[in-house]
Amino acid sequence: MTFPKEEQRRRAVELRALHDGPGIFVVPNCWDVISARVYEEAGFGAVATSSAALANALGFPDGYALDTQLHLATLTRIAAALRCPLSADVENGYGRTADDVAAFVGALVETGVAGFNLEDARSATELFDLDEAIARLRAARAAAPGLFLNARTDIFLNDIGDEATRLERTIERLRAFADAGADGVFVPGVTDEATIGTLAAAVPLPLNVLAGPEAPPAAKLQELGVRRVSVGSWPMRRILGVLRGIARELREAGTFGFTREETMAYAEANALVGAPR
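Residues numbered from 1 in each chain as written. Predicted model: local features only at pLDDT ≥ 70, side-chain atom pairs only at ≥ 80, totals over all residues. Heavy atoms only, no water.

A. Broad picture of the environment of A124. Structurally, the position occupied by A124 is in the loop between β5 (115-119) and α6 (130-143). With relative accessibility at 52%, the residue A124 sits in the exposed group. Separated by 99 residues in sequence, A124 and E223 have C-alpha atoms that sit 31 Å apart. Discounting chain neighbours no more than four positions away, the residues touching A124 are N158 and I160. (Helix = DSSP H or I, 4+ residues; strand = E, 2+ residues; numbered from the N terminus. Buried < 20%, exposed > 50% of the residue type's maximum accessible area, 1.4 Å probe, protein only. Contact = heavy atoms within 4.5 Å.)

B. Geometry of the nonpolar core. Core analysis: the largest hydrophobic core is formed by 62 residues, its most contacted members being V47, L86, L108, F116, L137, L207 and L221. With residues near it in sequence (within four places) discarded, L221 still touches I24, I196, V209, P216, V226 and V229. Counting residues in each nonpolar core, the second largest holds eight residues, with L15, F25, A46 and A48 among its members. (Core = buried A, V, L, I, M, F, W, Y, C linked by side-chain atoms within 4.5 Å.)

C. Examining the packing of aromatic side chains more closely. Using the criterion set out here, one finds two aromatic pairs in the structure. With 5.1 Å between their ring centres and 75° between their planes, Y94 and F104 make a pair best called edge-to-face. In this pair, Y94 sits in the loop between β4 (86-89) and α5 (98-109) while F104 sits in helix α5, placing the two residues ten residues apart along the sequence. Given a relative accessible area of 7%, F104 falls into the buried group. (Phe/Tyr/Trp six-rings, centres within 6.5 Å; stacked < 30°, edge-to-face > 60°.)

D. Here's a closer look at the layout of surface pockets. Looking at the largest pocket, its volume works out to about 730 Å³. Looking at the largest pocket, it is lined by 18 residues, and the ones nearest its centre are V38, I239, E262, T263 and M264. Mapped by element, the contributors of at least two residues to the lining of the largest pocket are α2 (33-41) and α10 (234-253). No other element matches α10, which puts five residues into the lining of the largest pocket. By residue class, the composition of the lining of the largest pocket is eleven nonpolar, three polar and four charged. Estimates place the volume of the second largest pocket at around 510 Å³. As for the second largest pocket, its lining consists of 37 residues, of which D62, R152, L157, P188 and L210 are closest to the centre. Class assignment for the residues of the lining of the second largest pocket results in 14 nonpolar, 14 polar and nine charged. (1 Å grid on protein atoms, 1.4 Å probe; cavity = no way out; pocket = protein on both sides within 12 Å on 5 of 7 lines; lining within 4 Å. Points joined across faces, edges and corners; volume = space filled by probe spheres on them. Nonpolar A, V, L, I, M, F, W, Y, C, P; charged D, E, K, R; others polar.)

E. Seen up close, the packing of helix α7 (residues 166-179) against helix α8 (residues 193-202). With their axes 10 Å apart at the nearest point, α7 and α8 run at an angle of 30° to one another. Taken together, the axis directions place α7 and α8 in an arrangement best described as roughly parallel. Between α7 and α8 lies a crossing whose hand is right-handed. Contacts from L167, T170, I171, L174 and R175 of α7 reach α8 at T195, T198, L199 and A202. Within the contact of α7 with α8, the residues separate by chemical class into five nonpolar, three polar and one charged. (Axes fitted to C-alpha atoms, helices over the stretch in contact; angles between N-to-C directions. Parallel < 35°, antiparallel > 145°, perpendicular 65-115°, else oblique. Left-handed = near helix turned anticlockwise from the far one by under 90°.)

F. Here's a closer look at the state of the cysteines. Throughout the structure, instances matching the rule amount to zero disulfides. Looking at C30, it has no disulfide partner, and the nearest cysteine sulfur is the one in C84, 9.0 Å off. Under the relative-accessibility criterion, C30 is labelled buried at 0%. (Disulfide = S-S within 2.5 Å.)

Dropping the structure here:
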């Protein structure tokens, strides 16, 4: 499946514009075609994938274990099913070297995505050295000059390093990513309003934060200077919580109360995935 280049360019322009609009860009995270289509039909201007949700849906744990060819094939199917832009979470680029990252991102371009997140973590407890992270980002930038590159640091998400220097080290990395060609920056794991406001003011690029139970609402995040907020794997895990409740009802009670709860009609679900791009 070859994605039309002109259409991909149009979507990349749309994705970029969503970061510059008058309101904060709230982007929902999907894990397959039908979840992406639900978001699009709800009126979102763009959809992003969650690497954790997508990996789990395909039978892999989160954390650089996802089969890259399967990942790319899934992104291809999602992008082809949408009319709006798709941004892909591709973890750290799935490569040991900057050249490996460039090769992966070159393949990513062919899926039709309009942008992607690239993180600076080697593992859940270790970041790439800043010079290495910059080299990987520059390689990704060169491989996909037209896509929106959202550079992510996991210092706060994974509580990496001395707590007293986390803000300082995060700002250092975000500014370096901006100099290396990123279009936006992503700091998951921050919920404190003062910290968020400091980050937004310190970096000359759109700031993306991750929603969660402790995060301020979108309107407040916009006041603090945030330009993009995503929801990660929360929607998928919420749905899994509902499914686990259904499983318990079936197994323990043998009743079917879940069939009387709010649901999507059979015809609606089919229609969501039945229309070609």
